[in-house]
Amino acid sequence: MKKRSKMAVLLLAASVLAAPGVPFAPAHVYAYDGKSDLDIIPLPDDMRKLLVELRDDYVPALSELHVDSIGTGSKSETIISLSDRKNVITAGVSLELVVDADGNITSLELKGADRDKSKKWDKKQSYQKLSDFIREQVPVSHVIAAQPMLSTDRRSQLDQLAVVSFYPLLNDVWVKKEMGRAFIDASGQIVQFHQEKIKLPLASEVADPKKAIPLEKAKREWENQLRMQLVYDAAAGKLVYEPTELPVIDAVTGEVVPAVYSKESEVLKLKGSADNSIWGDRKKMEQWLEATFKLRVNTLTFQAPSEKAKKRDTDLYEWNARMYQSASVLVDRKTKSLIEFRLDGSAEKELEKPLQAEEAKALALEFAEKHLLTKEQSFVVRKTSQLDNLPGWADQNLVRPIYSYAFFPHSNDIPAKTPLFTVEVDAKKGTVVAAKVNEIPAMPATIDQSGVIGEEKAKQAFVQSMVLRLAYDYPKVGDRLRPLRSSSICQRPIRKRCRWTRLQAKSWTVGSSGQHHTRQAVARHRDRACRVLLCGLIPSQMAGLAAFLFKIDKHFTAGRIFFLFVE
């Protein structure tokens, strides 16, 4: 790909490799337009060169594709559509590319390419190629997450891909507001990339990093507040320790900053009676939607899974509404089992008084018993909900009151690391609005706890694997984001080395294999403009991602500065 200088690009890795050199390009790259084998689309020299470089360095599948169309968007960007179609009807592999006026790729989406999901990908090589690609295409100062994440997003066919996010900088500090992501498969092919411009305030309008309290003081308080829990990693077949909460410490006062979410857990036995034969059967699913959610299916537009998408391992069924609520059901194509259900859009009529916590809980349990669970089973049920009194920036009237319930199988009072399923209840709609089922191995009847270390030793090992660095934060409640100008500077912890966010309970070491499913970052706050804070980083479970922890020197989030721990 092209070489270009970037101002103050901060790659948080041990070393930064130069971008690969520009390969030799043929004089012409013309292609059929998909409508006729006689019409040929000539490409501008810069676009021809870009496609050849992409093919040679990042997207080998381009060698089999033809240009179907090329045009200009509203912002002078070039939009190119390519596919392997032999006629106007069918195409197995396609690529959509958007290039801005300066020649930077702002969007890349490869669909339908063959990939072996069972193949293990090389974390180091995948990360290096992703970071090289990001550095070449992002023209502004940015921070690249120093560890890849493992995507589990089956809905978008992005599961079993390595993904790296990148962020803007302000005051030479990371702003925790994602600019974009890049995805790569196990063979080393970039399959998706996007970036967007993030508008930031002036450096003088946000908290001054120099006002943060000493690093050691912040670290001591953060360690005092850290708590660990013992869980069973069913995929790895071992006990591991994980943090229950990563605390947030005020960098001016040294006090713990209150959370905006509350979490409660209890052990409950559920009686399952779900009929899993309905999934994948349109008639049965429509009857289910009508009976369970009172949807008028005959007024909705049904969109069936594409039969042409032979390489998909999932089927997405959608019932779309012009107004009000739409429904979607994601089903495993082979097993016909439910993966995900969603109820999107505004309700035709909402409750005058939102559901109380006990009412929402009853709805979630009933849904799990009737529609997700097929047999009687005991779970550790973890409820996550917003606090009743939110900070002013969150606007209590605009935040949706969502109760989220995660159902963890357990044995010997030890919960699984990953929930079997999750259910979300919208208190204003008065109904379940989302459910997701995870594929996890069954818990053993008994778990051998001989040789397991205590929480304090696990905590020490976890702390030793982290280093504290500065970052700004955009605290968030639901879909409400705190403005950067009124946020504060905090300290966040991240990993030093390429390892996972768990501790092997018996060996007292940082775990280095398996997946770690993290929760949505819980925003910490103070209702005081431009306050300096010290925070513990909670890795985001964004769009169903199982995350490796980042290795970052400096992080920045909306006005807050965090001390980031790195191994």
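Relevant structure appears above.
Residues numbered from 1 in each chain as written. Predicted model: local features only at pLDDT ≥ 70, side-chain atom pairs only at ≥ 80, totals over all residues. Heavy atoms only, no water.

## A word on the overall build of the protein chain
Now for step 1: For the protein chain, the helix and strand inventory stands at six helices and 34 strands.
Now for step 2: Across the 567 residues of the protein chain, 52% fall into the buried class.
Now for step 3: The contacts of the protein chain with a sequence gap of at least 6 include a subset with a gap of at least 24, amounting to 68%. (Helix = DSSP H or I, 4+ residues; strand = E, 2+ residues; numbered from the N terminus. Buried < 20%, exposed > 50% of the residue type's maximum accessible area, 1.4 Å probe, protein only. Contact = heavy atoms within 4.5 Å.)

## Things to note about the packing of helix 3 (residues 215-225) against helix 6 (residues 455-464)
Now for step 1: Orientation of helix 3 relative to helix 6, taken along the N-to-C sense of each, is 145°, at an axis distance of 11 Å. For helix 3 against helix 6, the interelement crossing comes out right-handed. When helix 3 is examined against helix 6, the residues Lys219, Trp222, Glu223 and Asn224 are found in contact with a partner set consisting of Lys459, Phe462 and Val463.
Now for step 2: Looking at the contact of helix 3 with helix 6 residue by residue, the class counts come to three nonpolar, one polar and three charged. (Axes fitted to C-alpha atoms, helices over the stretch in contact; angles between N-to-C directions. Left-handed = near helix turned anticlockwise from the far one by under 90°. Nonpolar A, V, L, I, M, F, W, Y, C, P; charged D, E, K, R; others polar.)

## Let's talk about unusual backbone geometry
Now for step 1: Positive phi is not limited to glycine here, since lysine 336 has a value of about 55°.
Now for step 2: Here lysine 336 lies in the loop between strand 20 (326-332) and strand 21 (338-344).

## A closer look at the environment of threonine 106
Now for step 1: Looking at the secondary structure, you find threonine 106 in strand 7 (residues 105-111).
Now for step 2: It is 7.4 Å that separates the C-alpha atoms of threonine 106 and phenylalanine 193, two residues lying 87 residues apart in sequence.
Now for step 3: When residues no more than four places from it in sequence are discounted, the contact partners of threonine 106 are Val98, Asp100, Phe193, His194 and Gln195.

## Comments concerning the nonpolar core
Now for step 1: Counting residues in each nonpolar core, the largest one holds 47 residues, and the members touching the most others are Leu54, Val59, Leu97, Ile105, Leu108 and Phe193.
Now for step 2: With five residues, the top contributor of residues to this core is strand 10 (residues 161-170).
Now for step 3: Look past the residues within four positions of phenylalanine 193 in its chain and what remains in contact with it is Ile105, Thr106, Ser107, Leu108, Phe133, Ile134, Gln137, Val138, Phe166, Arg181 and Ala182.
Now for step 4: Counting residues in each nonpolar core, the second largest holds 40 residues, with Val331, Val423, Val432 and Val433 among its members. (Core = buried A, V, L, I, M, F, W, Y, C linked by side-chain atoms within 4.5 Å.)

## Details of the packing of aromatic side chains
Now for step 1: In total, this model carries 16 aromatic pairs according to the counting rule given.
Now for step 2: Members of the aromatic cluster, joined through ring pairs, are Trp279, Trp288, Phe293, Phe341 and Phe367.
Now for step 3: The ring of phenylalanine 302 has arginine 282 lying over it, and the distance from NZ or CZ to the ring centre is 3.9 Å. (Phe/Tyr/Trp six-rings, centres within 6.5 Å; stacked < 30°, edge-to-face > 60°. Lys NZ or Arg CZ within 6 Å of the ring centre and 35° of its normal.)

## A closer look at helix 1 (residues 45-57)
Now for step 1: The terminal C-alpha atoms of helix 1, which comprises 13 residues, lie 18 Å apart, in line with the 18 Å expected from a rise of 1.5 Å per residue.
Now for step 2: Met47, Arg48, Leu50, Leu51, Val52, Glu53, Leu54 and Asp57 are the residues of helix 1 that are buried. (Expected span 1.5 Å × (residues − 1).)

## Describing the pattern of salt bridges
Now for step 1: Counted under the stated rule, the structure contains 20 salt bridges.
Now for step 2: For the salt bridge of glutamate 245 with lysine 263, the shortest nitrogen-to-oxygen distance reads 4.0 Å. Residue glutamate 245 is located in strand 15 (residues 238-245), and its partner lysine 263 is located in strand 17 (residues 261-270); the two are separated by 18 residues in the primary sequence.
Now for step 3: Classification of glutamate 245 as partly exposed rests on a relative accessible area of 28%.
Now for step 4: Among the ionic pairs, lysine 361 bridges to glutamate 266, the shortest N-O distance being 2.7 Å. Here lysine 361 is found in helix 5 (residues 357-372), whereas its partner glutamate 266 is found in strand 17, with 95 residues between them in sequence.
Now for step 5: Judged by relative accessible area, lysine 361 falls into the buried class, the value being 18%.
Now for step 6: Through salt bridges with shared partners, a single network forms among Arg154, Asp313, Asp332 and Glu439. (Salt bridge = Lys/Arg side-chain N within 4 Å of Asp/Glu carboxyl O.)

Geometry only, nothing functional implied.
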